[in-house]
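Working through the structure, step by step
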Amino acid sequence: MNAHDRPLRVALLGCGVVGTEVARRLTRDADELAQRVGAPLELVGIAVRNLDTPRDLDVPAELFTDDAAALVRRGDLDIVVEVVGGIEPAGDLIRAALEHGASVVTANKALLADQGADLFEAADKAQRDLSFEAAIAGAIPIVRPLRESLAGDRIRRVLGIVNGTTNYILDQMTTLGQTFDEALAEAQRLGYAEADPTADVEGHDAAAKAALLAGLAFHTHLTLDDVHCEGITSVTADAVQSAAEMGSVVKLLAICEQIDTPDGPAVGARVHPAMVPLSHPLASVRGAYNAVFVESEAAGELMFYGPGAGGAPTASAVLGDIVSAARNRASDVFGPGETSHADVRLLPIGSAHTQYHLVIEVDDRAGVLAIIAQEFARFGVSIKTLRQEGLGSDARLIIVTHEAEDASLAATVEILRGLEVVRDVSSVMRVEGGS
Ligand SMILES: NC(=O)C1=CN([C@@H]2O[C@H](COP(=O)(O)OP(=O)(O)OC[C@H]3O[C@@H](n4cnc5c(N)ncnc54)[C@H](OP(=O)(O)O)[C@@H]3O)[C@@H](O)[C@H]2O)C=CC1
Ligand SMILES: N[C@@H](CC=O)C(=O)O
């Protein structure tokens, strides 16, 4: 593997429910992450509010600071992870981190729904990533699918259960007959609720996510003020019971859709409790799980489903963004490749297992072998031989695969095509019968 010695420096702002899991996994899985990024990730600082709070985390005590503002201004950070929550100081910390050259990963939907336009402009100006997969629906990949995979489609409507705490409360009331207060206390104990759970039960957290979802789905910008919002505090045990008798279940829904107004078409977003018929896929979303149901012109109906809250699930989404930002930083730090993307010519795809011969033109200064090997491994395509010709930005990798399924190889090539370090996949030839 061609990982670089210079580590990418990561600072963590916040070490609560989410931050603790992020720090644990960054340190525990350091070797695996280094392979995936092509360079090691080094956790160089953790900002918290109270240095005396005991932490269930095995990292050196000297990493901790209560001066987040100084940490983000060190000037040598590659990535800052904001999991403090709230509007300020989180917003100012993110702006300072970007101004001082770091990419930022955040899980903070409240902040993005309030100041997203300004923060994304700051990221653009600094030419750094500002990623937020964890800000909507915990572990569920929904930001990238909406922004990238569905970017060519026309989305009609998005229906989401996007708050784990309220779904947990409603589910416990429905299935176990727990009271609202009992279920909320349990959701807090399990780490699902916001620091101030009013944001959950009054629907503000779901409304912030609805604003972000609407922005992604309809290529626009909404703030919290644009979202009509009702929470679940007025949902009684009797209402839950009546819904059940009518073959429905009460869910807090976030609904984003195109609407007609006297001024022409607009994007509407609202959050409120709704009776969902048991026949609808959203009715079966239990506990702190979330789901986002997308209705689009070409793809039809899609549902994204998974754990919507909690330390480890949210850390999964944060770490995905860290790896992605780190790969981008690695190619900056170790020398940018050509920016043009690959011109992929795939031969017609049959169903056979066969070997392939690929010529991949790369900039090999950015840990590119590790990145490429990982993408092959991800789709179950193993490499039989790999030969490198040339150096630096003019390198070419000649790769022969072991027997692979056509579809797996095609998926690998698609991913390679999107990598900045890959300049061209200039030929993909089937090697019938192997070599
Ligand atoms: N919990 C969840 O399931 C999910 C949370 N999120 C989002 O992730 C973010 C973090 O949530 P969560 O981990 O639950 O929150 P916690 O309240 O558990 O943790 C917040 C952390 O931030 C630290 N902190 C607070 N203020 C400051 C400050 N001024 N300077 C430095 N550190 C500070 C706290 O320090 P100390 O420990 O000393 O008090 C604590 O470590 C929020 O934006 C939340 O909305 C997103 C998806 C799911
Ligand atoms: N409090 C939030 C946490 C995740 O975003 C929720 O319950 O969904």
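An unreviewed UniProt entry lists the chain under the name Homoserine dehydrogenase, from Aeromicrobium alkaliterrae. Its UniProt record, at the heading Function (unreviewed entry), says of the chain: "Catalyzes the conversion of L-aspartate-beta-semialdehyde (L-Asa) to L-homoserine (L-Hse), the third step in the biosynthesis of threonine and methionine from aspartate."

As a further point, take the sheet that holds strand β3 (residues 64-65). Hydrogen bonding along the main chain pairs the strands of a sheet, whether they run parallel or antiparallel. An order of β3-β2-β1-β4-β5-β6 is seen for the six strands of this open sheet, with the pairing classed as parallel. A single partner strand is all that each edge strand has here, and the edge strands are β3 and β6 (130-131). With four bridges joining them, strand β4 (residues 79-82) and strand β5 (residues 103-106) adopt parallel strand pairing. Its bridge partner lying in β5, Ile 79 is registered against Ser 103.

Let us now look at the nonpolar core. Ranked by size, the top nonpolar core spans 113 residues in total, and within it Ile 79, Val 81, Ala 210 and Val 318 carry the most contacts. With 11 residues, helix α10 (residues 204-218) is the single largest residue contributor to this core. Structurally, this core is a two-domain feature, drawing no fewer than three residues from each of domain 1 (8-138 + 313-333) and domain 2 (143-307). Those residues within four positions of Ala 210 in sequence are excluded, and the remaining contacts are Val 227, Ala 254, Cys 256, Ala 269 and Val 271.

Another aspect to go through is the site of ligand 1. Every one of the 28 residues lining ligand 1 counts as a neighbour, but Gly 14, Gly 16, Val 18, Gly 85 and Ala 309 are closest to it. Here the element with the most residues in the shell around ligand 1 is helix α1 (residues 17-28); it accounts for three residues. Here the shell around ligand 1 is built from residues that sort into 15 nonpolar, 11 polar and two charged. For the shell around ligand 1, the two domains that each supply at least three residues are domain 1 (8-138 + 313-333) and domain 2 (143-307).

Moving on, we get to unusual backbone geometry. Residue Pro 89 is bonded to the preceding Glu 88 through a cis peptide linkage, with omega at 15°. By the element assignment, Pro 89 lies in the loop between β4 and α4 (90-99). With phi around 65°, Ala 137 is a residue other than glycine that occupies positive phi space. Counting through the fold element by element, Ala 137 comes out in the loop between β6 and α6 (143-149). Despite not being glycine, His 219 has its phi angle at roughly 55°, a positive value. In this fold, His 219 is placed in the loop between α10 and β8 (227-229). When the 12 C-beta atoms within 10 Å are taken as the criterion, His 219 is described as exposed.

Turning our attention to the domain arrangement of the chain. Looking at the assigned domains, one finds that the chain contains domain 1 (8-138 + 313-333), domain 2 (143-307) and domain 3 (353-431). The gap between the C-alpha centroids of domain 1 and domain 2 is 27 Å. In terms of residues, the side of domain 1 that touches domain 2 owes the most to one element, helix α5 (residues 109-126), which gives seven residues.

For the rest of this paragraph, the subject is the site of ligand 2. Within the structure, ligand 2 sits among Gly 138, Asn 163, Gly 164, Thr 165, Tyr 192, Ala 193, Glu 194, Asp 200, Asp 205, Gly 308 and Ala 309. Residue classes in the shell around ligand 2 are distributed as three nonpolar, five polar and three charged.

Our focus in this paragraph is the packing of α4 against α5. Contact geometry for α4 and α5: axes closest at 9 Å, N-to-C directions at 10°. Taken together, α4 and α5 sit at an angle that is classed as roughly parallel. Along its contact with α4, which presents Ala 90, Gly 91, Ile 94, Arg 95, Leu 98 and Glu 99, the element α5 presents Leu 111, Gln 115, Leu 119, Ala 122, Ala 123 and Ala 126. Of the residues contributing to the contact of α4 with α5, the split by class is eight nonpolar, two polar and two charged.

This part covers α10. Compared with an ideal rise of 1.5 Å per residue, which puts 15 residues at 21 Å, α10 spans 21 Å between its outermost C-alpha atoms and is within 8% of the ideal. With 15 of 15 residues buried, α10 is to be regarded as a mostly interior element. His 219 sits one or two residues past α10 and shows a positive phi near 55°.

Here we take up the environment of Leu 63. With respect to the secondary-structure elements, Leu 63 resides in the loop between β2 (41-47) and β3. Separated by 255 residues in the primary sequence, Leu 63 and Val 318 have C-alpha atoms spaced 20 Å apart. Here Leu 63 is in contact with Leu 43, Gly 45 and Ile 46, once residues within four sequence places are set aside.

One can describe the packing of helix α7 (residues 164-176) onto helix α8 (residues 180-189) by two numbers: an axis separation of 9 Å at closest approach and a directional angle of 135°. With respect to α8, the element α7 is oriented oblique. Helix-helix and strand crossings are classified by hand; for α7 and α8 the assignment is right-handed. Where α7 approaches α8, its residues Thr 165, Tyr 168, Ile 169, Gln 172 and Met 173 are matched on the opposing element by Phe 180, Ala 183, Leu 184, Glu 186 and Ala 187. Considered class by class, the residues forming the contact of α7 with α8 number seven nonpolar, two polar and one charged.

Mean pLDDT over the chain works out to 90, with 93% of the residues at or above the 70 mark. Low confidence marks residues 336-351, where pLDDT is under 50. Its contacts with residues over four positions away, or in another chain, come to 38 contacts. Note on the complex model: pTM 0.80, ipTM 0.99.

With mixed pairing, the six strands of this open sheet are ordered in space as β8-β10-β9-β7-β11-β12. Strands with a single pairing partner mark the edges of an open sheet, and in this sheet they are β8 and β12 (300-307). The average angle at which neighbouring strand axes cross in this sheet is 15°, direction not considered. Helix α11 (residues 237-245) rests against β9 (248-261) and β10 (264-277) of the sheet, and its axis sits at about 85° to β9.

Here is what the cut-offs are and how they apply
Residues numbered from 1 in each chain as written. Chains lettered and ligands numbered in written order. Predicted model: local features only at pLDDT ≥ 70, side-chain atom pairs only at ≥ 80, totals over all residues. UniProt positions renumbered as here; feature names shortened; annotations may be inferred. Pairing = 2+ DSSP bridges. Helix = DSSP H or I, 4+ residues; strand = E, 2+ residues; numbered from the N terminus. Core = buried A, V, L, I, M, F, W, Y, C linked by C-beta atoms within 7 Å. Buried ≥ 20, exposed ≤ 12 C-beta atoms within 10 Å, placed from the backbone. Domains from an automatic or database assignment. Contact = placed C-beta atoms within 7 Å. Near = placed C-beta within 6 Å. Nonpolar A, V, L, I, M, F, W, Y, C, P; charged D, E, K, R; others polar. Axes fitted to C-alpha atoms, helices over the stretch in contact; angles between N-to-C directions. Parallel < 35°, antiparallel > 145°, perpendicular 65-115°, else oblique. Expected span 1.5 Å × (residues − 1). Left-handed = near helix turned anticlockwise from the far one by under 90°. pLDDT = per-residue confidence, 0-100.

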